[in-house]
4 protein chains.
Amino acid sequence: MNDKKAILVIGAGDATGGAIAKRFAREGYIACVTRRSAEKLEPLVADIKATGGEAHGFGNDARKEEEMVALIEKIERDIAPIEVAVFNIGANVRFGITETTARVYLKVWEMACFGGFLMGREAAKVMLPRSRGTIIFTGATASLRGREGFAAFAGAKHALRALAQSMARELGPKGIHVAHPVIDGAIATEVIRTNFPERYAMKDQGGIVNPDHIADTYWYLHTQPRDAWTHEFELRPWAETW
Amino acid sequence: MNDKKAILVIGAGDATGGAIAKRFAREGYIACVTRRSAEKLEPLVADIKATGGEAHGFGNDARKEEEMVALIEKIERDIAPIEVAVFNIGANVRFGITETTARVYLKVWEMACFGGFLMGREAAKVMLPRSRGTIIFTGATASLRGREGFAAFAGAKHALRALAQSMARELGPKGIHVAHPVIDGAIATEVIRTNFPERYAMKDQGGIVNPDHIADTYWYLHTQPRDAWTHEFELRPWAETW
Amino acid sequence: MNDKKAILVIGAGDATGGAIAKRFAREGYIACVTRRSAEKLEPLVADIKATGGEAHGFGNDARKEEEMVALIEKIERDIAPIEVAVFNIGANVRFGITETTARVYLKVWEMACFGGFLMGREAAKVMLPRSRGTIIFTGATASLRGREGFAAFAGAKHALRALAQSMARELGPKGIHVAHPVIDGAIATEVIRTNFPERYAMKDQGGIVNPDHIADTYWYLHTQPRDAWTHEFELRPWAETW
Amino acid sequence: MNDKKAILVIGAGDATGGAIAKRFAREGYIACVTRRSAEKLEPLVADIKATGGEAHGFGNDARKEEEMVALIEKIERDIAPIEVAVFNIGANVRFGITETTARVYLKVWEMACFGGFLMGREAAKVMLPRSRGTIIFTGATASLRGREGFAAFAGAKHALRALAQSMARELGPKGIHVAHPVIDGAIATEVIRTNFPERYAMKDQGGIVNPDHIADTYWYLHTQPRDAWTHEFELRPWAETW
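Attention here is on the structure that accompanies the text. (Residues numbered from 1 in each chain as written. Chains lettered and ligands numbered in written order. Predicted model: local features only at pLDDT ≥ 70, side-chain atom pairs only at ≥ 80, totals over all residues. Heavy atoms only, no water.)

Let's shift gears to the overall build of chain A. When its secondary structure is counted, chain A shows eight helices and eight strands. Its C-alpha atoms give chain A a radius of gyration of 17 Å, within 12% of the compact-globule value 18 Å for 242 residues. Expressed along its principal axes, the backbone C-alpha trace of chain A runs to roughly 50 × 40 × 35 Å. For chain A, the residues scored as buried account for 62% of the 242 residues in total. Taking as baseline every contact in chain A between residues at least 6 positions apart, the subset at least 24 positions apart corresponds to 68%. (Helix = DSSP H or I, 4+ residues; strand = E, 2+ residues; numbered from the N terminus. Rg over C-alpha atoms; globule rule 2.2 N^0.38 Å. Buried < 20%, exposed > 50% of the residue type's maximum accessible area, 1.4 Å probe, protein only. Contact = heavy atoms within 4.5 Å.)

Here it is in C-alpha cells:
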C-alpha cells in the first residue's frame, strides 16, 4: 500500500453516484463503486479509466450486513484506505397510507436507511483509528418533511438524517466529518429524462439539478478544513418553489 | 353493537400507556390495551374494571403484520369501533455507532417505528369510512434530534415522526386527527424509580413527567374541535433544560 | 386586594383577543384588555360584564415603553395580580422586498414584536417574585417560515418566537410558563368575513379557526401542571394544506 | 464603466468581514467595505491594495436608510456594479429578560437586522434589472435557537433569517442567489483573543473558526451554479458540541 486513497460510493447506479465517483477520481482518488448489478457498473468504471483514473466496480446488496463488511474489508486490504464514503441509495415511492404494504415499507427503509447504517458504521470502524475521513449521506426534501403519500420514503430519509446527525455528533470530535446534503429538487437523471421530459428540458436553464454539480459540492465538503465543517445544507435549483 | 367506542393503546406496558387507557376509560371508552405479554396486562385491566370501566387486554407483538390486522379486526367486530388509536412503544437504547449491532438497529426500528406504521395503517383503514377518529404516536426528544449514541433510537423516532406527519397531511382533510406529542423529559415510570431514584424524587416538585398528565393531554387532543387541531407539541417539566 | 387574579390581553381588538378575555373571565379572571382605542373596547367590556364577569378596557399603544410599564403597574396596584399575560398583536402585511419601505418594516416589528417584548418583560417582573404565572405570545405560520412577500411580517414573528423561546428557557425553571401557540390558518374574524367571504363560509365546516377554540386552548395551556408544560404547538383547521 | 464587479461588505470591522473582502479582492472583485468609522478601515483597504487588489472604505451607519441608499448608489455609479453584497453586522449581547432595556432591545435589532434589511433591499434593487447577483446574510447559532439571556440577539438574528428566507424565495426565481450561512462556534477574532485566550489557543487545532475559511465558503457560495444553490448551512468547528 502507498499513499493512495479510496472513495466508496454505495449506490453508483444513478447519475449522482457516478458523477461523484468521477469527480473524486479526477482528484486522484480510487473510485470504488457499487450497485446491485456489477455488470451495470462497467460503463462507469470504463469511463473513469478512460480518463486516466482508477476505478473498481462491486456488485453489492447494501442491505446485507455481511456483504457490506466484506466489501469494506476488501477495499481496505486490497485497494486503499477509504478516505471518503458516500451513501447514495434512494427508494422514492409514493403510496397513500392504506395502500402502503408492509413489504414496501420495510424494503424502502432497508434500502434508503439500513444500508446507510451499515456503510456508516463500517466506514467509521476503519476511519476512527486514522482520526480522519469523510462520510456523506445523501438526503432529500423528504428528509425534512413528511408529505402526503410519502410515509415510507420520508420515514427512511428521516431515519437516515438522524443517523447522520448522531454520527456527526459522535465522530466529529474524533476527526471524522459526517455530512448530510439535502437535494431539494429533481436531479437530471435518465429516469427524469424518460418520464418527465418537460422537467428534464429545464436542465439548460438550471431548473433541474446537474449531478456534476452535486459532485462538486461533495468534493468541496470533503476539502473543508476542520474548523469550518458543514453538516447539513440544501442544494436547490434557483427557480424551485420551497 | 351500540354507540360504544373503543380506544386502542399499543404498548400499555409502561406507565404512560396504562394512564392513557385509564383516562379514556373514565370517559366511557372501552380500553383495548396490548403488550407483549397478555398476562402482565391483568392488573391494568382489573384496575379499569374496578373503577367501573370496560377493558380488554391483548398479548400482541406490534411488529407482526398479521397480528396487528387480526387485533384491529377483532376489536371492530367484537367490541366497538376504534375511535382512538395510540402507539406508545419505545425502545430507548444507547450505543456508540461502532457498538450498534445490525440486530439492535433493526429491532429498535421494528419496535418503535414499524409497529407504529402497522397500527396507523390499520387504524386508518377502519376510520376512513367513518370520516372520524384520532391517531396518536408518542414522540420523544429523539424524534427531533439525533444525539450522540442514539443513532438507532433517534432513527426509529424520526421515522415515526415522518409517518405521523405524512398521515396527518393525508388523513386530516378526510376527518382523521393524527397527532405527535413529544415527551421531552423523563417520565415517572418504574424504570426511572428503580434506576434513577434521585430523578424520580423530583416527581413531587414536577421535575419529571407524571403519566397521568400525559393522559390528560391525549384526552384534550382527542376532544379538540376540527377547526383547531394540533399535530405536534412537546410536554416538558418546568425545570427541564432544553 | 383579595385572591382575585387578572389576565392581561394586549391586542384585544380582533376576534382572538376578545375571545381569550371572555374565556378567562368565565373562569373568574378579571379581564384587562387593551387596544389602541379604549372606546372600541367598550362592547367587549360590556359583553363580559353582562355575563357576570369583571373587565377593564385600556387604550394603550403597546410600542410605548412608558405606557406598558404604567399599565402593568396600574393593574397590579389597583385591580389584581396579573396571573396571565397574552400578547396578541399582529401586523400581517405583504409586500415584495423592493416595495417594503423602511417605515413599514420598522412599524411591523414595533407592533408585532417590540410590544411583545415590553409586555413580556414587564409581566416577568411582576410574576417572578410570585414564582408563578403564564405568558403567551400568539404566533403564526410566519413565525416558522419566511414566505415570499413577508420579509417584514415574518421577521417580526420570527423575532417574537425567539423572545418566547428565550424567555421560556429562562423563566420556566423559575415557575413561569411561557408559551408560543402557532395559528396556522385563517381565523374567523370580521376582516376575513368582509374580504374573504368564501373562506369565512368554511367556518361551519371547521375550515377556518374559530377564535373561541383558540381561547379554549389558551385556557388549557394555562391549566397545564408544571411537570407537563407545552411551549410551542400549532392550531390548524383539519382541511388546511401544510 | 468596464467589466469590473464590486463586492459590498457591510460590517467589515471584525475579522470575518475583512477576510471576505480580501478573498473576493483576490479574485478580482473591487472590495467596498464599510464600518462605522472609515478611519478604522484604512488598514484593511491598505492590505488589499498592497496585494494588488482594489478597495474602498466607507464610514457608514447601516441603520440609516438614507446612508445605505446613498452608499449603494455611489458604488454603482462611481465604482462598479455590485455583484455580491454581504451583511455581517452582529450585536451579541447577553442579558436576563428583566435586565434587557428597551434601548438595548431596539439597538440590537437595528444593528443586526434592520441594517440587513436596508442592505438587502437596496442590493435587490440594483441586481434585479441585471437578473444576477449574490446576497449573503451572516447568521449565528442564535438565528436558530433562542437561548436563555439572548432574547434581544436571538430576536434580531431570527428576524434576519426570516428576511433571508423570504428574499431567497422571491429573488431566487429572478436569478439572485440569497444565502444564510450560520456560524455555529466562536470565530477567531481579536475580541476572542483578548477575552477568551484559552478558546483562541484552540485555533491551531481547528477548535475555533478561522475567518479565512468563512471567506472561502462565501466565495464558494457565490460560484455555485444556479441549478444547485445552497440557501442555508452551518459552519462549525469539528470538536464543537451541538
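Attention shifts here to the interface of chain B and chain A. With 37 residues of chain B in contact, the opposing surface of chain A contributes 38 residues. Summed over both sides, the interface of chain B with chain A buries roughly 3300 Å², with 65% coming from carbon and sulfur. Viewed at the interface, chain A and chain B are joined by zero salt bridges. The tally of links between chain B and chain A comes to 16 residue pairs in polar contact (both at pLDDT 80 or more). Elements with a minimum of two residues in the side of chain B that touches chain A: helix H4 (102–127) and helix H5 (151–171) of chain B. The element contributing the most residues to the side of chain B that touches chain A is H5(B), with 13 residues. Counted by class, the side of chain B that touches chain A contains 19 nonpolar, ten polar and eight charged residues. (Buried area = accessible area lost by both parts, 1.4 Å probe. Salt bridge = Lys/Arg side-chain N within 4 Å of Asp/Glu carboxyl O. Polar contact = N/O pair within 3.5 Å; in protein donor to acceptor, adjacent residues only side chain to side chain. Nonpolar A, V, L, I, M, F, W, Y, C, P; charged D, E, K, R; others polar.)

With that out of the way, let us pick up the relation of the copies chain B and chain C. When chain B is brought onto chain C, the operation consists of a screw motion whose angular component is 180° and whose axial shift is 0.0 Å, with 0.0 Å RMSD remaining. Read as a symmetry element, the transformation amounts to a two-fold axis. Closest approach to the rotation axis among the C-alpha atoms of chain B is made by B:Phe233, whose C-alpha sits 2.3 Å away. (Least-squares fit on C-alpha atoms with pLDDT ≥ 70 in both.)

This brings us to the interface of chain B and chain C. Chain B puts 33 residues into the contact, and the matching count from chain C is 33 residues. Buried surface at the junction of chain B and chain C, summed over both partners, amounts to about 2700 Å²; 56% is from carbon and sulfur atoms. For the chain B face of the interface with chain C, the top three residues by lost area are B:Asp227, B:Trp238 and B:Trp242, together amounting to 30%. Where chain B meets chain C, there are zero salt bridges. When contributions to the side of chain B that touches chain C are tallied by element, the ones reaching two or more residues are H5, helix H8 (211–223) and strand E8 (232–235) of chain B. When its residues are assigned to classes, the side of chain B that touches chain C shows 14 nonpolar, eleven polar and eight charged.

Before going further, it helps to spend a moment on the relation of the copies chain B and chain A. One copy of the chain maps onto the second through a rotation about an axis and a displacement along it. With an RMSD of 0.0 Å, the operation that places chain B on chain A is a rotation of 180° combined with a shift of 0.0 Å along the axis. Looking at the interface residues of chain B, 100% of them are also at the interface in chain A, so both copies use one shared face.

Residue and element names in this part refer to chain B. Taking 1.5 Å per residue, twelve residues should reach 16 Å; helix H1 (residues 15–26) reaches 17 Å between its end C-alpha atoms and fits that length. The buried count for H1 comes to nine of twelve residues, which makes it a mostly enclosed element. Those residues of H1 lying buried are Thr16, Gly17, Gly18, Ala19, Ile20, Ala21, Arg23, Phe24 and Ala25. Turning to H1, the residues buried within the fold contact strand E1 (6–10), strand E2 (30–35), helix H2 (42–50), strand E4 (82–87) and H8. Gly28, located one to two residues past H1, shows a positive phi value of around 100°. (Expected span 1.5 Å × (residues − 1).)

Turning our attention to the side chain of C:Glu122. Residue and element names in this part refer to chain C. The residue Glu122 is located in helix H4 (residues 102–127) in this model. When its relative accessible area of 6% is taken as the criterion, Glu122 is described as buried. Residues within four places of Glu122 in sequence aside, it is in contact with Met68, Val69 and Ile72.

Let us now look at helix H8 (residues 211–223) of chain C. Over its 13 residues, H8(C) extends 19 Å from the first C-alpha to the last, a length consistent with the 18 Å expected when each residue adds 1.5 Å. Next to the buried residues of H8(C) lie H8 of chain B together with helix H1 (15–26), strand E4 (82–87), strand E5 (134–137), strand E7 (177–183) and strand E8 (232–235) of chain C. For H8(C), the N-terminal cap is C:Asn210; the gap from its side-chain oxygen to the backbone nitrogen of C:Asp212 is 2.9 Å.

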